[in-house]
Amino acid sequence: MASDREGSPAASNASGGSADDDPSASEAAPTRADGSGTSDGVVPATVDDASGYGLSLTLIGGVLLALAYYGYIAVTGPQTLGRAIPGPFYLLVFALFFVLELFRSRGRGAVAVVRATVLALFYGGLTAFAIEGSVYLWRNPSTALDGYAGVTVLAVSLIVAALAYFLYLSALESSAVEN
């Protein structure tokens, strides 16, 4: 019977072999994804280690991207940015994303601040346009309903979000292998 430790991402990182290997032997000598030994105990993340947090952000990002598309249409067309809610609330959204990501960050220092800033700008911008798009769609539902355009926009947005997350994981994996 497999223990909970064997099924965790940390356990899959801790050993280079299969689940049938002796777990006590793999804990003594952690290995890299390429099978080589390491003395610092750091094992690069693999695509198999995609977290629930990352997948959640991908799905949320896909929905926000779809709504942001309609927000872009609204802002470049009939309405201005800030019509749905006052501007200071958008700043609050940016601040919330920044604080959440900064405190969630595993690392400390400049990298954590840069990562929190980038995430706050990206998801904050998406959220601002998504709010505008939601109000636009509320007032003009035919925009998304005619010819099921909204379904197509959502499908493309989910694919773009998933590809972006996949590229992010690939970049992390390739930088970890180079180090």
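Definitions and limits used
Residues numbered from 1 in each chain as written. Predicted model: local features only at pLDDT ≥ 70, side-chain atom pairs only at ≥ 80, totals over all residues. Heavy atoms only, no water. Phe/Tyr/Trp six-rings, centres within 6.5 Å; stacked < 30°, edge-to-face > 60°. Buried < 20%, exposed > 50% of the residue type's maximum accessible area, 1.4 Å probe, protein only. Helix = DSSP H or I, 4+ residues; strand = E, 2+ residues; numbered from the N terminus. Axes fitted to C-alpha atoms, helices over the stretch in contact; angles between N-to-C directions. Left-handed = near helix turned anticlockwise from the far one by under 90°. Nonpolar A, V, L, I, M, F, W, Y, C, P; charged D, E, K, R; others polar. Salt bridge = Lys/Arg side-chain N within 4 Å of Asp/Glu carboxyl O. pLDDT = per-residue confidence, 0-100. Contact = heavy atoms within 4.5 Å. Patch = residues over 30% accessible without salt bridge, like charges linked within 9 Å, V, L, I, M, F, W, Y side chains within 5 Å. Areas by Shrake-Rupley, 256 points an atom, 1.4 Å probe, with all protein chains shown as cover. Parallel < 35°, antiparallel > 145°, perpendicular 65-115°, else oblique.

**Overview of the packing of aromatic side chains**
Then step 1. The final tally for this structure, using the stated rule, is four aromatic pairs.
Then step 2. Here the aromatic rings of Tyr 69 and Tyr 70 are separated by 5.2 Å at their centres, their planes lie at 75°, and the arrangement is edge-to-face.
Then step 3. Classification of Tyr 69 as partly exposed rests on a relative accessible area of 41%.
Then step 4. Judged by centre distance (6.4 Å) and plane angle (25°), the rings of Tyr 165 and Tyr 168 are stacked. Pair noted here: Tyr 165 and Tyr 168 are both in helix 8 (residues 149–178), with a separation of three residues, about one helical turn.
Then step 5. Grouping aromatic residues by their ring pairs yields a cluster made of Phe 97, Phe 122 and Tyr 123.

**Quick notes on the packing of helix 5 (residues 87–104) against helix 6 (residues 110–139)**
Then step 1. For the pair helix 5 and helix 6, interaxial distance at closest approach is 8 Å and the crossing angle is 145°. Crossing angle aside, the handedness with which helix 5 passes helix 6 is right-handed.
Then step 2. Of the residues contributing to the contact of helix 5 with helix 6, the split by class is 15 nonpolar, four polar and four charged.

**Remarks on the pattern of salt bridges**
Then step 1. Taken as a whole and assessed by the stated rule, the structure comprises one salt bridge.
Then step 2. Here Arg 115 and Glu 101 are joined by a salt bridge, their closest N and O atoms 2.7 Å apart. Here Arg 115 is found in helix 6, whereas its partner Glu 101 is found in helix 5, with 14 residues between them in sequence.
Then step 3. Residue Arg 115 is classed as partly exposed on the basis of its relative accessible area of 34%.

**Things to note about the confidence of the model for the protein**
Then step 1. A residue-level look at the protein finds 71% of positions with pLDDT of 70 or above and a mean pLDDT of 75.
Then step 2. Here residues 1–29 is a poorly scored stretch, pLDDT under 50, and it has 21 contacts once near neighbours within four places are set aside; other chains count.

**A short note on a nonpolar patch on the surface**
Then step 1. On the surface, Leu 59, Val 63, Leu 154 and Leu 158 cluster together to form a nonpolar patch covering roughly 310 Å² of accessible area.
Then step 2. Contributing elements (two or more residues each) for the nonpolar patch: helix 4 (52–76) and helix 8.
Then step 3. Position of Leu 158 relative to the elements: it lies in helix 8.

**Some words on the side chain of Glu 101**
Then step 1. Since its relative accessible area comes to 1%, Glu 101 is described here as buried.
Then step 2. Not counting the four nearest positions on each side in its chain, Glu 101 is found in contact with Tyr 53, Arg 115, Ala 116 and Leu 119.

**Describing the packing of helix 4 against helix 6**
Then step 1. Where helix 4 contacts helix 6, the two axes come as close as 6 Å, and the packing angle between them is 55°. Comparing the axis directions of helix 4 and helix 6 gives the class oblique. As helix 4 runs across helix 6, the sense of the crossing is left-handed.
Then step 2. The residue inventory of the contact of helix 4 with helix 6, partitioned by class, reads 17 nonpolar, six polar and one charged.

**Observations concerning the environment of Ala 68**
Then step 1. Structurally, Ala 68 is set in helix 4.
Then step 2. For Ala 68 and Ser 157, which are 89 residues apart along the polypeptide, the C-alpha to C-alpha distance reads 9.7 Å.
Then step 3. Setting aside anything within four residues of it in sequence, one finds Ala 68 in contact with Leu 126, Phe 129 and Ala 130.

**Some words on the side chain of Thr 127**
Then step 1. Turning to its location among the elements, Thr 127 is positioned in helix 6.
Then step 2. Excluding anything up to four places from it in sequence, Thr 127 contacts Leu 64, Val 93 and Phe 97.

**Considering unusual backbone geometry**
Then step 1. Unlike most non-glycine residues, Tyr 148 shows phi in positive territory, near 55°.
Then step 2. Along the chain, the position of Tyr 148 falls in the loop between helix 7 (142–145) and helix 8.

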